[in-house]
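Analysis of the macromolecular model
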Amino acid sequence: MDTFEDMKAVMDALNDRRGALTEQIQEFESLQEEIQDLVKRSNHDVDARAKLDKLNQLFPEGMSSSQGSIMQKVAQIEDGFKELQQGFLAIGESETSNKDEQTNIRKVKAMRKYM
């Protein structure tokens, strides 16, 4: 397997991980919506109030500080994925152009031998 194929396999693995991260972000956002629904219902729904109390026990500092930290890390990871992908694409393009140059050099040498 050549370098380009190795890089393609790495990019595929990174894209798979990006997809998994996207699913987790969507799940996190869904949970946030559920929490907002619990907050709205908590004034008149005992079960909603109990669930919010459990959340407060799990996150004594509050969800907003954790949420901000999580979203900041997600943004950093996304930026990292984009940089890696761009780097791999650039390397792949340079390898392809190097192969084209090597092919052209071989053709020129073959032409010279013929002449």
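The structure contained in this document is the topic of the report that follows. Here the residue numbers are simple positions, counted from 1 along each chain's written sequence. Only residues with pLDDT of 70 or above have their local features reported here, since the model is predicted, and side-chain atom pairs are shown and tallied only from 80 upward, although totals for entire chains, interfaces and linings are computed over all residues. No hydrogens and no water enter the side-chain calculation; it runs on all heavy atoms of the structure.

**Considerations on the overall build of the chain**
Runs of E in the DSSP output that reach at least two residues are strands. Runs of H or I that reach at least four are helices, and both are numbered from the N terminus. In terms of regular secondary structure, the chain is built from three helices and zero strands. Start at the N end of the chain and walk to the C end: the helices and strands fall as α-α-α. Exposed residues in this analysis have more than 50% of their type's maximum accessible area, buried residues have under 20%, and partly exposed residues fall in between, with area computed by a 1.4 Å probe over protein chains only. Within the chain, the proportion of its 115 residues that are buried is 18%. Considering only contacts within the chain whose residues lie at least 6 apart along the sequence, 72% involve residues at least 24 apart. Contacts were defined at the residue level, with two residues in contact if any of their heavy atoms lie within 4.5 Å.

**Topic: empty space enclosed by the protein**
A 1.4 Å probe that fits but cannot get out identifies a cavity on a 1 Å grid over protein atoms alone, an open set with protein on both sides within 12 Å along at least five of seven lines counts as a pocket, and a residue lines either if it has an atom within 4 Å of a point. Grid points are joined across faces, edges and corners, and a volume is the space filled by probe spheres set on the points. Under the definition given, this model contains one cavity of 30 Å³ or more. Each pocket or cavity is described by its volume, and for the largest cavity that value is around 50 Å³. Listed by contribution, the elements that provide at least two residues to the lining of the largest cavity are α1 (3-41) and α3 (63-114). Looking at which element gives the most residues to the lining of the largest cavity, the answer is α1, with four residues.

**A short note on the nonpolar core**
We call a set of buried residues a nonpolar core when its members are Ala, Val, Leu, Ile, Met, Phe, Trp, Tyr or Cys and they connect through side-chain atoms within 4.5 Å of each other. Ranked by size, the top nonpolar core spans eight residues in total: Met7, Met11, Leu14, Leu21, Ile25, Val74, Phe81 and Phe88. At the level of elements, α1 and α3 are the ones that each hand at least two residues to this core. The element contributing the most residues to this core is α1, with five residues. If you look at the next biggest cluster of nonpolar residues, it comprises five residues, including Leu38, Ala48, Leu52 and Leu55.

**Overview of the pattern of salt bridges**
We define a salt bridge as a contact between a side-chain nitrogen of Lys or Arg and a carboxyl oxygen of Asp or Glu at a distance within 4 Å. Per the counting criterion, the structure on display carries three salt bridges. The residue aspartate 37 makes a salt bridge to arginine 41 at a minimum N-O spacing of 2.9 Å. Placement of both aspartate 37 and arginine 41 in helix α1 is noted, with a separation of four residues, approximately one turn of the helix. A relative accessible area of 27% places arginine 41 in the partly exposed class. Close ionic contact of arginine 49 with aspartate 53 constitutes a salt bridge, the shortest N to O distance being 3.1 Å. One end of the pair, arginine 49, and the other, aspartate 53, are both in helix α2 (residues 46-58), four residues apart, so they sit about a helical turn from each other.

**Concerning α2**
Helices are assigned an expected span. That span is 1.5 Å times one less than the residue count. The end-to-end C-alpha distance of α2 is 19 Å, a good match for the 18 Å that 13 residues give at a rise of 1.5 Å each. Among the residues of α2, Ala48, Leu52 and Leu55 are the ones counted as buried. In an axial view of α2, the angular spread of the buried residues amounts to 55°, which keeps them on one side of the axis. Facing away from the buried side of α2 by more than 90 degrees, the exposed set consists of Val46, Asp47, Lys54 and Gln57. The opening residue of α2 is aspartate 45, an N-cap whose side-chain oxygen sits 3.0 Å from the backbone nitrogen of aspartate 47. This arc corresponds to the set of directions leading from the helix axis out to the C-beta atoms. Polar contact is the term for a pair of N or O atoms within 3.5 Å; when the atoms are in protein, one must be able to donate a hydrogen and the other to accept it, and sequence-neighboring residues count only if both atoms are side-chain atoms.

Bear in mind that shape data such as this cannot, by itself, settle questions of function.
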